[in-house]
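Descriptive analysis of the structure
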Amino acid sequence: WLIAGSYKLFGVNEFAARFPSASAAILLVLLCFWFVKRVVNEEIGFLSALILASSFEYMILAVVCNTDMLLCFCVCAAFVFFYFGYNSFFPRLSIIIFYLCMGAGVIVKGLAGIVIACLVVGIFLLLRKRLGYLKKMINPIGIIVFLCVVTPWFFAIIKTHGWDYFRLFFIQ
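A few points on the structure. All figures in this text were calculated on a predicted structure; none of them were measured in a lab.

Considering helix 5 (residues 68-86)
For helix 5, spanning 19 residues, the distance from its first C-alpha to its last is 26 Å, which sits close to the expected 27 Å at 1.5 Å a residue. Of the residues trailing helix 5, Ser-88 is marked for its positive phi of about 60°.

Okay, here's the thing in structure tokens:
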């Protein structure tokens, strides 16, 4: 759907096909800088972003016409906001944004958007022996935000492609 929007904006061409992935790659570099700057310092944030942006595989995936970089951005953003919530920087808002990022990930790549984020967070909390933190993460506003993100998309898909697409999306 982002590539289709890019085609409408720029016309059907190679640039338009690659634009969503490249945009997500740029946003992820900026997210990396912002996160490390807040947690460590600006110099390390800059170096972290530079290392990420100059990584060979990252540069390749940034310009490939697929949704992997978009999913990577959504999941990494979810991890950033989980970290902020977990470390009490601004816990309620961070967890709500965590849910928003997972919803965006679901729209981009299906259940992988929520499964990857929840699996990694669950393993992290298990290893830290902090499974009780899951209670704090069950946020009604976050759940509503998540549903507000994914529900319109699912209704549009079902309306356009019928229930077969929906079954394939969740089963296969």
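Continuing now.
Description of the side chain of Ser-6
Here Ser-6 lies in helix 1 (residues 2-10). According to the relative accessible area criterion, Ser-6 is buried, its value standing at 4%. Excluding residues that lie within four positions of it along the chain, Ser-6 makes contacts with Gly-11, Ala-16, Phe-19 and Pro-20.

A word on helix 6 (residues 91-109)
Given a rise of 1.5 Å per residue, 19 residues ought to cover 27 Å, and the 27 Å separating the end C-alpha atoms of helix 6 matches this to within 8%. Once helix 6 finishes, Gly-110 follows within two positions and takes phi at roughly 80°, a positive value.

Regarding the packing of helix 1 against helix 2 (residues 14-39)
Where helix 1 meets helix 2, the closest approach of the two axes is 8 Å, and the angle between their N-to-C directions is 135°. Taken together, the axes of helix 1 and helix 2 are oblique relative to one another. Classified by chirality, the crossing of helix 2 by helix 1 is right-handed. Between helix 1 and helix 2, the residues in contact are Leu-2, Ile-3, Ser-6, Tyr-7 and Phe-10 and Phe-15, Ala-16, Ala-17, Phe-19 and Pro-20, respectively. Class assignment for the residues of the contact of helix 1 with helix 2 results in nine nonpolar, one polar and no charged.

Details of the pattern of salt bridges
Scanning all chains against the criterion turns up two salt bridges. Salt-bridge contacts for Lys-109 lead to Asp-68; the nearest nitrogen and oxygen are separated by 2.7 Å. On the criterion of sequence distance, the pair formed by Lys-109 in helix 6 and Asp-68 in helix 5 is long-range, its members being 41 residues apart.

A word on unusual backbone geometry
The phi angle at Lys-129 is positive, at roughly 55°, despite the residue not being glycine. By relative accessible area, Lys-129 is classed as exposed at 77%.

Concerning the packing of aromatic side chains
Across all of its chains, the model carries 17 aromatic pairs by this definition. Ring centres of Phe-35 and Phe-84 lie 5.7 Å apart, and the angle between their planes is 50°; this geometry places the pair in the tilted category. Taken together, the positions of Phe-35 in helix 2 and Phe-84 in helix 5 put the pair 49 residues apart, joining distant regions of the chain. Ring plane angle 80° and centroid distance 5.1 Å describe the contact between Tyr-86 and Phe-124, whose orientation is recorded as edge-to-face. Note that Tyr-86 is positioned in helix 5 and Phe-124 in helix 7 (residues 112-127), a separation of 38 residues in sequence. Of the aromatic side chains, those joined through ring pairs into one cluster are Phe-82, Tyr-86, Phe-98, Tyr-99, Phe-124 and Tyr-133. The aromatic ring of Phe-84 is capped on one face by Arg-38, whose charged end is 5.3 Å from the ring centroid.

Calculation rules
Residue numbers run consecutively from 1 along every chain, following the written order of its sequence. The model is predicted, so local features are restricted to residues of pLDDT at least 70 and side-chain atom pairs to those at 80 or more, both for listing and for counting; the totals for chains, interfaces and linings are taken over all residues. Based on all heavy atoms of the structure, the side-chain values leave hydrogens and waters out of the count. Under the DSSP-based scheme used, a helix requires at least four consecutive residues in state H or I and a strand at least two consecutive residues in state E, with every element numbered from the N terminus. Every helix has an expected span of 1.5 Å times one less than the residues it contains. When accessible area is computed with a 1.4 Å probe and restricted to protein chains, residues below 20% of their type maximum are described as buried, those above 50% as exposed, and intermediate ones as partly exposed. Note on definitions: a residue-residue contact is assigned when non-hydrogen atoms from the two residues lie within 4.5 Å. A fitted line through C-alpha atoms represents every axis, and for helices the fit uses only the stretch in contact; the resulting angles, taken between N-to-C directions, go from 0 to 180 degrees. Put simply, angles under 35 degrees are roughly parallel, angles over 145 are roughly antiparallel, angles from 65 to 115 are roughly perpendicular, and the rest are oblique. Definitions for this section: a left-handed crossing has its near helix turned counterclockwise from the far helix by less than a right angle. A right-handed crossing has that turn clockwise. When residues are sorted by character, Ala, Val, Leu, Ile, Met, Phe, Trp, Tyr, Cys and Pro go into the nonpolar class, Asp, Glu, Lys and Arg into the charged class, and all the rest, Gly among them, into the polar class. Here a salt bridge means any side-chain nitrogen of Lys or Arg lying within 4 Å of a carboxyl oxygen belonging to Asp or Glu. Here is the rule: rings of Phe, Tyr and Trp (six-membered ring for Trp) pair when centre to centre is within 6.5 Å. Planes less than 30 degrees apart are stacked, more than 60 are edge-to-face, and the remainder are tilted. Two conditions define a charge located above a ring, namely a distance within 6 Å from the ring centre to NZ of Lys or CZ of Arg, and an angle within 35 degrees of the ring normal.

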